[in-house]
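Take a look at the letters that make up each chain.
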Amino acid sequence: EPEVTQTPSHQVTQMGQEVILRCVPISNHLYFYWYRQILGQKVEFLVSFYNNEISEKSEIFDDQFSVERPDGSNFTLKIRSTKLEDSAMYFCASSTESYEQYFGPGTRLTVT
Amino acid sequence: AQSVTQPDIHITVSEGASLELRCNYSYGATPYLFWYVQSPGQGLQLLLKYFSGDTLVQGIKGFEAEFKRSQSSFNLRKPSVHWSDAAEYFCAVGSNYQLIWGAGTKLIIKP
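Rules used throughout
- Residues numbered from 1 in each chain as written.
- Chains lettered and ligands numbered in written order.
- Predicted model: local features only at pLDDT ≥ 70, side-chain atom pairs only at ≥ 80, totals over all residues.
- Heavy atoms only, no water.
- Pairing = 2+ DSSP bridges.
- Helix = DSSP H or I, 4+ residues; strand = E, 2+ residues; numbered from the N terminus.
- Contact = heavy atoms within 4.5 Å.
- Buried area = accessible area lost by both parts, 1.4 Å probe.
- Salt bridge = Lys/Arg side-chain N within 4 Å of Asp/Glu carboxyl O.
- Axes fitted to C-alpha atoms, helices over the stretch in contact; angles between N-to-C directions.
- Polar contact = N/O pair within 3.5 Å; in protein donor to acceptor, adjacent residues only side chain to side chain.
- Disulfide = S-S within 2.5 Å.
- Buried < 20%, exposed > 50% of the residue type's maximum accessible area, 1.4 Å probe, protein only.
- Phe/Tyr/Trp six-rings, centres within 6.5 Å; stacked < 30°, edge-to-face > 60°.

(A) Broad picture of the pairing of strand E6 (residues 45-50) of chain B. Residues and elements named next belong to chain B. One ladder, built from five bridges, connects strand E5 (residues 32-38) with E6; its direction is antiparallel. Considered in E6, the bridge of Tyr36 is made with Leu46. The loop that links E5 with its antiparallel partner E6 comprises six residues; one of these, Gly41, has a positive phi angle of about 75°.

Below you can see the structure in the form of structure tokens.
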């Protein structure tokens, strides 16, 4: 069964450093998403991406965040200058035209 | 504004007992509703979804949920829980191709 994959599974970085989280969505999906979950809190929407552009973004997704689909398979989330409060589990998801989103296993980002 | 409320932070049930997890939503139009499960250290797995039609939907692992428009609810049920059901359960509503999430309910199974 096709699945969304994410790398790395755990990323440790120092405050102020840039990080890139990588995702490979399901191959025939058209919509791509990033969510985050701070430890012990609810899942929060960051951004959705369709047709090579951002379709929706939340207030969390400020100028330090960016997304890119550099080739036909990868979907990346870049955090330009990480802060302590960026420590969270980041989930990538993809979907066809329906709302049924399939999630990857997540990348745990720890900012020290 | 759209929102999802899961009023129970934790629920403890005995193995073999029935289960109901509550979810209420606030949404202006016909909602797309979802239940996801997250096992410790794992990702989010879709249990079931409601888009339209029959208000009782069946999902994986023996779960079902009932959409009640009059109560703005989409409660998750299982007639007999197994120890492997211990996890965190999230209700979500689909809006503008994003999912709006409840805070989750942690299910604890007593042997």
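(B) Main features of the interface of chain B and chain A. Listed by partner, the interface residues are 21 residues for chain B and 18 residues for chain A. Between chain B and chain A the total buried area reaches about 1,800 Å² when both faces are included, carbon and sulfur atoms providing 61% of it. The tally of links between chain B and chain A comes to one salt bridge. The partner of Lys49(B) in a salt bridge is Glu100(A), with the nearest N and O atoms 2.9 Å apart. With four residues, E5(B) is the single largest residue contributor to the side of chain B that touches chain A.

(C) Examining the sheet that holds strand E8 (residues 75-79) of chain A more closely. Residue and element names in this part refer to chain A. Across the sheet, four strands lie side by side as E1-E3-E8-E7; this open sheet has antiparallel pairing. The sheet is open, and its two edges are formed by strand E1 (5-7) and strand E7 (65-68), each paired on a single side. Here the strands of the sheet are splayed against their neighbours by 20° on average, with no regard to which way each runs. Sheet topology places strand E3 (residues 19-24) next to E8; five bridges connect them, and they run antiparallel.

(D) Structural detail: the environment of Glu64(B). Residues and elements named next belong to chain B. With respect to the secondary-structure elements, Glu64 resides in strand E8 (residues 64-68). Separated by eleven residues in sequence, Glu64 and Asn75 have C-alpha atoms that sit 8.5 Å apart. Among all residues touching Glu64, those that are not within four sequence positions of it are Leu48, Leu56, Val57, Gln58, Asn75, Leu76 and Arg77. Side chain to side chain, Glu64 and Gln58 meet in a polar contact 3.2 Å long.

(E) Local environment of the state of the cysteines. Residue and element names in this part refer to chain B. Summed over all chains, the structure comprises two disulfides over all chains. The disulfide bridge from Cys23 ends at Cys91, spanning 1.9 Å between sulfur atoms. Across the S-S bond linking Cys23 and Cys91, the dihedral sits near -65°, which makes this disulfide left-handed. You can see Cys23 sitting in the loop between strand E3 (19-21) and strand E4 (24-26) and its partner Cys91 sitting in strand E10 (residues 87-95), a full 68 residues away along the chain. Accessibility assignment for this pair places Cys23 and Cys91 in one class, buried.

(F) Highlighting the packing of aromatic side chains. Applying the stated rule across the entire model yields 21 aromatic pairs over all chains. When the ring of Tyr36(B) is compared with that of Trp101(B), the centres are 5.2 Å apart and the planes differ by 45°; the resulting orientation is tilted. Of this pair, Tyr36(B) sits in strand E5 while Trp101(B) sits in strand E11 (residues 98-101), placing them 65 residues apart in sequence. Of the two residues, Tyr36(B) and Trp101(B), both sit in the buried class. With centroids separated by 6.4 Å and ring planes inclined at 45°, the aromatic side chains of Tyr50(B) and Phe74(B) adopt a geometry described as tilted. A residue pair is termed long-range when its members are at least 10 positions apart, and Tyr50(B) in strand E6 and Phe74(B) in strand E9 (residues 73-78) qualify at 24 residues. The burial state of Tyr50(B) is the same as that of Phe74(B); both residues are buried. Connected via pairs of aromatic rings, a cluster forms that spans Tyr33(A), Tyr35(A), Phe45(A), Phe91(A), Phe103(A), Tyr32(B), Phe34(B), Tyr36(B), Phe51(B), Phe90(B) and Trp101(B).

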